[in-house]
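Structural description and commentary
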Amino acid sequence: MPEVPVMTETLSLSPLCISMDDRDNVAIVANDGGLSAGTVFPSGLTLVDKVPQAHKVALVDIPEGGEVRRYNVVIGYALKDIAAGSWVHERLLKMPAARELTGLPIATVKPEPQPPLEGYTFEGYRNPDGSVGSRNILAITQTVQCVAGVTEFAVQRIKSELLPKYPHVDDVVALEHGYGCGVAIDAPDAIIPIRTLRNISLNPNFGGEVMVVSLGCEKLQPERLMPPGTIPLIDERNVADVGDSAESQLDVVCLQDDAHVGFMSMVDSIMRQAEEHLERLNARRRETVPASELVVGVQCGGSDAFSGVTANPAVGFCTDLLVRAGATVMFSEVTEVRDGIDQLTSRATTPEVAEAMIREMAWYDAYLDKGRVDRSANTTPGNKKGGLSNIVEKAMGSIVKSGKSPISGVIAPGEKVRQKGLIYAATPASDFICGTLQLAAGINLHVFTTGRGTPYGLAEVPVIKVATRSDLARRWHDLMDVNAGTIATGEKTIADVGWEMFHLMLDVASGRKKTWAEHWKLHNALVLFNPAPVT
Ligand code: CA
């Protein structure tokens, strides 16, 4: 197949800056490589400074103390007079204080109901609990980090010796983590890591097959991790007769069990149990299901000032398509939506949803406060280099991933989503922790936008990565799945890229296409959110 030609002509684009709202007094420079001082825009504005790509230029003179507006939101106050055409970088801005969590608009916006999007389907694995997987994976749950080495050893042997016999199973994944012992397990917040691990084991991509490797003496005992009633009923083979009601039995390999003499005995046990699950998983087949069975988690990482102009608005457009198709979409990242809380509470479908959102924000404010920081601790050196001056600007660009749909539900960290529509899943913005918590929430697809570039991937669920800039998409042509940079150059519209993502999601969920992270097997670790003390 011939190589796709690299579109170098977009590099010589005439000077272009993009503002997000007519009332903004700054815009960002779109051209690859930035623009030099003296450059004249079609509007007549002349650059006073050299401005790097994705950084802000003042459209008018801004006096000292004056508001600097982007997305028609005050992203800062000028620390000195800024002349029109100047580079507006973070050292020129004083950040506004966070919005109080009182007196917020509650469920005030009633968006026009959008026509349902019908007829879209994908090929997925229907599970006994009704959920649908996009992949067919054997996951091995672990109660504690102590067993990670033994489990990984066994998984390598399962992959080489057993998996070839079960061609309908995509992969075997050890759910390794750092929790399980040496922790204050009765602290109220310990519920977060515990339910996260439990709900990850129940992710739709694992077919309801739960097998656990335990050490024996750890704090997080198997019954505490997966209490009776939480284990899916697969068939009569894992059912114990308990009077009139059937109840599933947890499949546990305990390394300290007296029966184990020597390391190989432990490995053999894990392999023997794994084969039972592999047999059942191997019998599963994809079937045509409506697009409403998609459960998509969106997040961003390595953001730049283009994130909020190209990739995130395209994801937002796609979010609205998914909601219209009856699917579930989750957006997250508390510190990146905190500054837009009024936009979110006003979009809540009911006062209860808005109150739940405020509760999650207040909890997180207190959590940050305990560490003597606030939401501004979020931004990275790369964000600033990419033109994002502060968390307010970053948040405004992040929040657009949620589109314009009404917000119909809120879940706390580690909880499983149980409804359709647009859901706010409260998680830290940390890429690895957000991804881990969205896995627990039950995603079968993950969408990740990036401007600076990150090779992020998950072993459990396909990750579709979206580049905010054509320059990144060109350089990382075999890591980025979608190029939203074409929006900045005018080659494509937000709607074009939004639809492209929607169709790609159906293809990836069906297994017809693999993401680049899947192709290269780029898998980041599960990272649990544990706000409770360790001991
Ligand atoms: Ca993130």
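Residues numbered from 1 in each chain as written. Predicted model: local features only at pLDDT ≥ 70, side-chain atom pairs only at ≥ 80, totals over all residues. Heavy atoms only, no water.

1. Topic: helix α5 (residues 311-324)
For α5, spanning 14 residues, the distance from its first C-alpha to its last is 20 Å, which sits close to the expected 20 Å at 1.5 Å a residue. Counting buried positions along α5 yields eleven of 14 residues, so the element is predominantly enclosed. Within the span of α5, buried status applies to Ala311, Asn312, Pro313, Ala314, Val315, Gly316, Cys318, Thr319, Asp320, Leu321 and Leu322. Looking one or two residues past α5, glycine 326 carries a phi angle of roughly 85°, positive in sign. (Helix = DSSP H or I, 4+ residues; strand = E, 2+ residues; numbered from the N terminus. Expected span 1.5 Å × (residues − 1). Buried < 20%, exposed > 50% of the residue type's maximum accessible area, 1.4 Å probe, protein only.)

2. Considerations on the sheet that holds strand β22 (residues 463-467)
Strand order in the open sheet made by the seven strands is β19-β20-β18-β17-β21-β22-β23, with parallel pairing throughout. Every other strand in the sheet has two partners, leaving β19 (407-411) and β23 (482-483) as the edge strands with one partner each. Where strand β21 (residues 445-450) and β22 come together, five bridges link them in parallel fashion. Residue pairing for β22: phenylalanine 448 is matched across the bridge by lysine 465. Along the sheet, helix α7 (residues 351-370) makes contact with β19 and β20 (421-425), crossing β19 at roughly 40°. (Pairing = 2+ DSSP bridges. Contact = heavy atoms within 4.5 Å. Axes fitted to C-alpha atoms, helices over the stretch in contact; angles between N-to-C directions.)

3. Examining a nonpolar patch on the surface
On the surface, Phe153, Phe263 and Met264 cluster together to form a nonpolar patch covering roughly 260 Å² of accessible area. Examined against the element boundaries, phenylalanine 153 turns out to sit in helix α1 (residues 148-162). (Patch = residues over 30% accessible without salt bridge, like charges linked within 9 Å, V, L, I, M, F, W, Y side chains within 5 Å. Areas by Shrake-Rupley, 256 points an atom, 1.4 Å probe, with all protein chains shown as cover. Salt bridge = Lys/Arg side-chain N within 4 Å of Asp/Glu carboxyl O.)

4. Remarks on the coordination of the calcium ion
The protein atoms that coordinate the calcium ion are Gln299 (OE1), Cys300 (O), Glu333 (OE), Ala429 (O) and Asp431 (OD), at distances of 2.3 to 2.6 Å. Sequence positions of the residues that donate to the calcium ion give the spacing Q-C-x32-E-x95-A-x1-D. Here cysteine 300, found in strand β17 (residues 295-300), pairs with aspartate 431, found in helix α10 (residues 431-441); they are 131 residues apart in sequence, far enough to count as distant. One exposure class covers both cysteine 300 and aspartate 431, and it is buried. (Donors = N, O, S within 2.8 Å, 3.2 Å for Na, K, Ca; no water.)

5. A closer look at α10
Since the α-helix advances by 3.6 residues per turn, residues separated by three or four positions end up pointing in the same direction. In terms of residue burial, α10 counts as a mostly covered element, since ten of its eleven residues are buried. Every buried residue belonging to α10 is among Asp431, Ile433, Cys434, Gly435, Thr436, Leu437, Gln438, Leu439, Ala440 and Ala441, and all of these are buried. On its buried side, α10 packs onto α2 (191-201), β17, β18 (328-331), β19 and β21.

6. Considering unusual backbone geometry
Glycine aside, the phi torsion of most residues is negative, and most peptide linkages are trans. Even without a glycine there, the phi angle at asparagine 72 is positive, about 55°. Residues other than glycine seldom take positive phi values, yet arginine 372 does so here, at roughly 60°. Looking at where arginine 372 falls in the secondary structure, it is placed in the loop between α7 and α8 (381-385).

7. Observations concerning the sheet that holds strand β4 (residues 67-70)
Spatial strand order, β4-β5-β7: three strands in an open sheet with antiparallel pairing. The sheet is open, and its two edges are formed by β4 and β7 (93-94), each paired on a single side. Pairing between β4 and strand β5 (residues 73-78): four bridges, direction antiparallel. From the neighbouring strand, arginine 70 faces β5, where its bridge partner is valine 73.

8. Observations concerning the domain arrangement of the protein
When cut into domains, the protein gives domain 1 (1-97), domain 2 (137-283) and domain 3 (289-520). Centre-to-centre separation of domain 2 and domain 3, based on C-alpha positions: 30 Å. Between domain 2 and domain 3, the contact holds 14 residues from the first and 17 residues from the second. Taken together, the links from domain 2 to domain 3 amount to one salt bridge. (Domains from an automatic or database assignment.)

9. Brief notes about the environment of leucine 422
Within the secondary structure, leucine 422 is located in strand β20. For leucine 422 and valine 410, which are twelve residues apart along the polypeptide, the C-alpha to C-alpha distance reads 9.0 Å. When residues no more than four places from it in sequence are discounted, the contact partners of leucine 422 are Thr319, Val323, Val329, Phe331, Arg347, Ser402, Ser405, Pro406, Ile407, Ser408 and Gly409.

10. Digging into empty space enclosed by the protein
Taken as a whole and assessed by the stated rule, the structure comprises three cavities of 30 Å³ or more. Along the wall of the largest cavity there are 13 residues; nearest its centre are Ala30, Asp32, Gln53, Ser470 and Thr489. Of the residues belonging to the lining of the largest cavity, the class tally is four nonpolar, seven polar and two charged. Reported here for the second largest cavity is a volume of approximately 50 Å³. (1 Å grid on protein atoms, 1.4 Å probe; cavity = no way out; pocket = protein on both sides within 12 Å on 5 of 7 lines; lining within 4 Å. Points joined across faces, edges and corners; volume = space filled by probe spheres on them. Nonpolar A, V, L, I, M, F, W, Y, C, P; charged D, E, K, R; others polar.)

11. Section: the pattern of salt bridges
Across all of its chains, the model carries 25 salt bridges by this definition. Here arginine 69 makes a salt bridge to glutamate 67, at a shortest N to O gap of 2.7 Å. By relative accessible area, which is 38% here, glutamate 67 ends up partly exposed. Across the pair aspartate 507 and lysine 513 runs a salt bridge whose closest N-O atoms are separated by 3.6 Å. The buried category is assigned to aspartate 507, whose relative accessible area is 19%. Under the relative-accessibility criterion, lysine 513 is labelled partly exposed at 41%. Here the salt bridges do not stand alone but share partners, grouping Asp304, Arg469, Asp471 and Arg475 into one network.

12. Comments concerning the packing of aromatic side chains
Under the counting rule described, the total for this entry stands at 13 aromatic pairs. Note on tryptophan 516 and tryptophan 520: the rings are 6.1 Å apart at their centroids and 15° apart in plane angle, and the pair reads as stacked. In this pair, tryptophan 516 and tryptophan 520 are both assigned in helix α13 (residues 516-520), four residues apart and thus about one turn of the helix distant. Note on tryptophan 520: relative accessible area 43%, which makes it partly exposed. (Phe/Tyr/Trp six-rings, centres within 6.5 Å; stacked < 30°, edge-to-face > 60°.)

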